[in-house]
Amino acid sequence: MRKNTFSKISFLLLATVIMWVKTYIVYKTSFDIKIENFTQEFILFINPLSFLLIIFGLGLFMKEKTRIRWVIGTSVLMTIILIANMIFYRFYNDFLTIPVLFQASNMGDLGSSITELIQPVDLLMFIDIAFLIWISRKPFFSKTAIMTRKEKTAYFLMAAAVFFFNLGLAEAERPQLLTRSFDREMLVKNIGAYNFHIYDALLQSKTSAQRALADSNNLVEIENYLNANSKEPNEALHGVAEGRNVFIISLESFQSFVINNELNGQEITPFLNDFINESYYFENFYHQTGQGKTSDSEFLLENSLYPLGRGSVFFTNANNEYHATPEILKEFGYYTAVFHANNRTFWNRDIMYNTLGYDRFFDITDFEVNEENSVGWGLKDVSFFEQSVELLKDVPQPFYTKYITLTNHFPFELEEEDKFIDEFDSNDGVVNRYFPTVRYTDEAVKVFIEKLKEAGLYENSVIIMYGDHYGISENHNTAMAQFLEKEEITPYDTVQLQRVPFIVHIPGITDQDPKVFSEVTGQIDLKPTILNLLGIDASDDIEFGTDVFSEDRLPFVVLRDGSFITDEILYTRGVCYDVQTGEPAEDANACEPYMEKAKNELDYSDEIIYGDLLRFFEADAKVDSDQLTP
Ligand code: GP9
Ligand code: MN
């Protein structure tokens, strides 16, 4: 009987085993999943099985030919899912989620990045399918037969048993697995890539329902939490830049490790190194972006809310109610504009900028872009800034303007004439090319500041610069370890590499008394900081950040993947490190007091966005100046 059953489904089982092994090979070769012990490796190995048994098993309800087609069709589909994840992972170091798929309109603009990411070896992924098609014609495999009801029941019971066994092991290894849904590596590691996609689909339907079910009561608990944690902004700096023009510069893929660092004896960022000596500089400032990359950093900047754990909030919740910086500043007579030489639909910016309250978006059509002045993703930063200053001459003052640079974007292409320093010398082209493009953007910022001075726009300004997110992902750890002269890049180092530069430059003030701050801070703090400098009191706002200059701020920053950093500890991927030594903390429970807070911050912020809760909020920002009264 048993042998009989077996032979009835031999083709289906063969396909299952092949897909299972293939998935495991992909795990080991294409994803960087940290394994700490044998149990974890075992979970990783068995985790594709339950899903594959079930999905292929649906073929048991079909007969002969249809079943063979089902099995082959399913194999093709699973392979495509794997390949899509592999390609996505090469750049984002992350797994696909449904909202990311809806950002497909971005894909058309990716250009050189995509070709860099797809590799000829990817075709190997289809070899087994060719084999399956070939073998399905062999008499032994082609004569499938209908199974009895009992046999089917036994089959699915077994599949369910495998699933629960997997889940049980995973929960034991990683408590709270399914509630900390923003840690996708953990999910894939424990329940497998396929079950992860199912889980993601469930999350999607849950979040879609959330807005409909939300009411103003949901906001009360969050307001209480925020009020209990809110800190007074710095008094002395309150209003020091009142009425000045604001320049926000988003430095593409700029990580802090290049600042005050050298390659072959040459400074990587000579201009910024000098500029910092006339500014306030934060050396422990973290990006907090997720899958939405640049758009997430913009979201943090304008709202002091966290971006979402899945997808880009610019896409998923562009029609929400927000109380963003441009909108607030407009109430105080500011004109607000963004300069970015890309298509206005990229990251859904055209819609979102409207929502955030921007008066004007100078996009690619406002710039002169030609063969000579572009590279990689488009207009080169130097030309971008030069043209921006020209465009700025017609912008009413006071203004709040944001400039999004582009040249230092993966895959870091640059023409010879623009390479002011050599490439790094490793086996990794991406890391090698990163340095000249960073150096180029540094030059572009220098040109910008010079032009502002020439245009008479410098003195009466406040200039804020920050790195939007990492440029070098974990896929390049070997070359990064080589550059940083470390044996290896540990998870602790990875978190430290999420530091991006943050510079506050106020002519006449910071140049008199430049300072380097070591406090842990993050992009979530940008909005309250800027508003305080401008003398606007938005303390009643729903904000998760704190003025970086605040005297009594809590030293705490949470990253979008749930990692967090204080002045003593750094928590990531289930391990609590001593932030000074980079070694696991002696007191294993040292991170415990912050676990809840980290989760609350992210969950509450998500709740606001998914529930569109700010539509229930009446904000009223105050300025204590008669000059600016609306
Ligand atoms: C595109 C630019 C880059 O307009 O902001 O986006 P990124 O890939 O860095 O999110
Ligand atoms: Mn970016």
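Quick caveat, the model's predicted, so the values are computed rather than measured.

Trainee: I tried to follow the overall build of the chain on my own but got confused; where do I start?
Mentor: Helix and strand counts for the chain come out as 25 helices and 20 strands. Against the 2.2 N^0.38 benchmark of 25 Å for 630 residues, the chain shows a C-alpha radius of gyration of 27 Å, consistent with a compact globule. Counting only C-alpha atoms and orienting by the principal axes, one finds that the chain spans roughly 90 × 60 × 50 Å. Only carbon and sulfur atoms are counted for the fraction: they give 54% of the accessible area of the chain, which is about 25,800 Å². Here the chain carries 51 positive and 93 negative side-chain charges, and the mean point of each set is 16 Å from the other.

Trainee: Help me understand the coordination of the manganese ion (ligand 2) in this model?
Mentor: The protein atoms that coordinate the manganese ion (ligand 2) are Glu252 (OE), Glu252 (OE), Thr294 (OG1), Asp468 (OD) and His469 (NE2), at distances spanning 2.1 to 2.4 Å. Classification of the site at the manganese ion (ligand 2) rests on its six donor atoms, whose angles at the metal span 56 to 169°, yielding the label irregular. Written as a sequence motif, the donor residues of the manganese ion (ligand 2) are E-x41-T-x173-D-H. Here Glu252, found in the loop between strand S1 (245–251) and strand S2 (262–263), pairs with Thr294, found in helix H16 (residues 293–303); they are 42 residues apart in sequence, far enough to count as distant. Considered together, Glu252 and Thr294 belong to a single accessibility category, that of buried residues.

Trainee: Honestly, the state of the cysteines in this entry has me stumped. Any pointers?
Mentor: The term disulfide refers to a covalent linkage connecting the sulfur atoms of a pair of cysteines. Counted under the stated rule, the structure contains one disulfide. Between the sulfur atoms of Cys576 and its disulfide mate Cys591 the distance is 1.9 Å. Disulfide Cys576-Cys591: torsion about the S-S bond near 85°, hence right-handed. Taken together, the residues span a long stretch of sequence, with Cys576 in strand S19 (residues 575–578) and Cys591 in the loop between S19 and helix H25 (592–611) at a distance of 15 residues.

Trainee: Sorry if this is basic, but what is going on with the site of ligand 1 here?
Mentor: In the region of ligand 1, the neighbouring residues are Glu252, Lys293, Thr294, His340, Asn342, Phe346, Trp347, Arg349, Trp377, Leu406, His409 and His469. Measuring from an oxygen atom of ligand 1, one finds a side-chain N or O atom of Asn342 at 2.7 Å. Relative to its unbound accessible surface of 310 Å², ligand 1 loses 99% to contact with the protein.

Trainee: How should the sheet that holds strand S6 (residues 335–339) be read in this particular structure?
Mentor: By definition, the strands of a sheet pair up through backbone hydrogen bonds, in either a parallel or an antiparallel sense. Taking strand neighbours across the sheet as the criterion, the eight strands line up as S7-S6-S10-S1-S11-S12-S4-S13 in an open arrangement whose pairing is mixed. At either margin of the open sheet sits one strand with a lone partner, and together these are strand S7 (360–362) and strand S13 (515–517). Ignoring strand direction, the axes of neighbouring strands in this sheet form an average angle of 15°. Pairing of S6 with S7 involves three bridges; the strand directions are parallel. Paired with Phe339 across the bridge in S7 is Phe362. Packing of helix H24 (residues 526–533) onto the sheet brings it into contact with S1, strand S11 (461–467) and strand S12 (502–505), and relative to S11 it is tilted by some 170°.

Trainee: Before we go on, may I ask you to explain the environment of Met147 in this structure?
Mentor: Looking at where Met147 falls in the secondary structure, it is placed in the loop between helix H10 (139–142) and helix H11 (149–173). Between the C-alpha atom of Met147 and that of Val100, which follows or precedes it by 47 residues, the distance is 40 Å. When sequence neighbours within four positions are dropped, the list of residues in contact with Met147 reads Thr5, Lys8, Ile9, Leu60, Arg67 and Lys152.

Trainee: In this structure, what is going on with the domain arrangement of the chain? I would like to understand it.
Mentor: The parts lose accessible area when they come together, and the size of an interface is often stated as this lost area. Looking at the assigned domains, one finds that the chain contains domain 1 (3–210) and domain 2 (217–615). Computed from C-alpha coordinates alone, the two centres of domain 1 and domain 2 are separated by 37 Å. Residue-level contacts link 39 residues of domain 1 with 37 residues of domain 2. Both sides of the domain 1 and domain 2 interface together cover about 3,200 Å² of buried area, and 50% of this is carbon and sulfur. For the interface between domain 1 and domain 2, the tally reads three salt bridges. Where domain 1 meets domain 2, there are 12 residue pairs in polar contact (both at pLDDT 80 or more). For the side of domain 1 that touches domain 2, the elements supplying multiple residues, two or more each, are helix H5 (64–92), helix H6 (98–101), helix H7 (104–107), helix H8 (112–117), helix H12 (184–191) and helix H13 (193–213). Broken down by class, the residue content of the side of domain 1 that touches domain 2 amounts to 14 nonpolar, 12 polar and 13 charged.

Trainee: Any chance you could explain the confidence of the model for the chain here in plain terms?
Mentor: Atomic detail in the predicted coordinates should be set aside for any region of low pLDDT. On average, the chain scores 92 in pLDDT, and the residues at 70 or more come to 95%. Confidence drops under pLDDT 50 across residues 624–630; counting only partners more than four residues distant or on other chains, this segment forms 13 contacts.

Rules used in this analysis
Residues numbered from 1 in each chain as written. Chains lettered and ligands numbered in written order. Predicted model: local features only at pLDDT ≥ 70, side-chain atom pairs only at ≥ 80, totals over all residues. Heavy atoms only, no water. Helix = DSSP H or I, 4+ residues; strand = E, 2+ residues; numbered from the N terminus. Rg over C-alpha atoms; globule rule 2.2 N^0.38 Å. Areas by Shrake-Rupley, 256 points an atom, 1.4 Å probe, with all protein chains shown as cover. Lys, Arg positive; Asp, Glu negative; His and termini not counted. Charge placed at Lys NZ, Arg CZ, Asp CG, Glu CD. Donors = N, O, S within 2.8 Å, 3.2 Å for Na, K, Ca; no water. Tetrahedral: all angles 85-135°; square planar, octahedral: opposite > 155°, others 65-115°. Buried < 20%, exposed > 50% of the residue type's maximum accessible area, 1.4 Å probe, protein only. Disulfide = S-S within 2.5 Å. Near = heavy atom within 4 Å. Polar contact = N/O pair within 3.5 Å; in protein donor to acceptor, adjacent residues only side chain to side chain. Pairing = 2+ DSSP bridges. Axes fitted to C-alpha atoms, helices over the stretch in contact; angles between N-to-C directions. Contact = heavy atoms within 4.5 Å. Domains from an automatic or database assignment. Buried area = accessible area lost by both parts, 1.4 Å probe. Salt bridge = Lys/Arg side-chain N within 4 Å of Asp/Glu carboxyl O. Nonpolar A, V, L, I, M, F, W, Y, C, P; charged D, E, K, R; others polar. pLDDT = per-residue confidence, 0-100.

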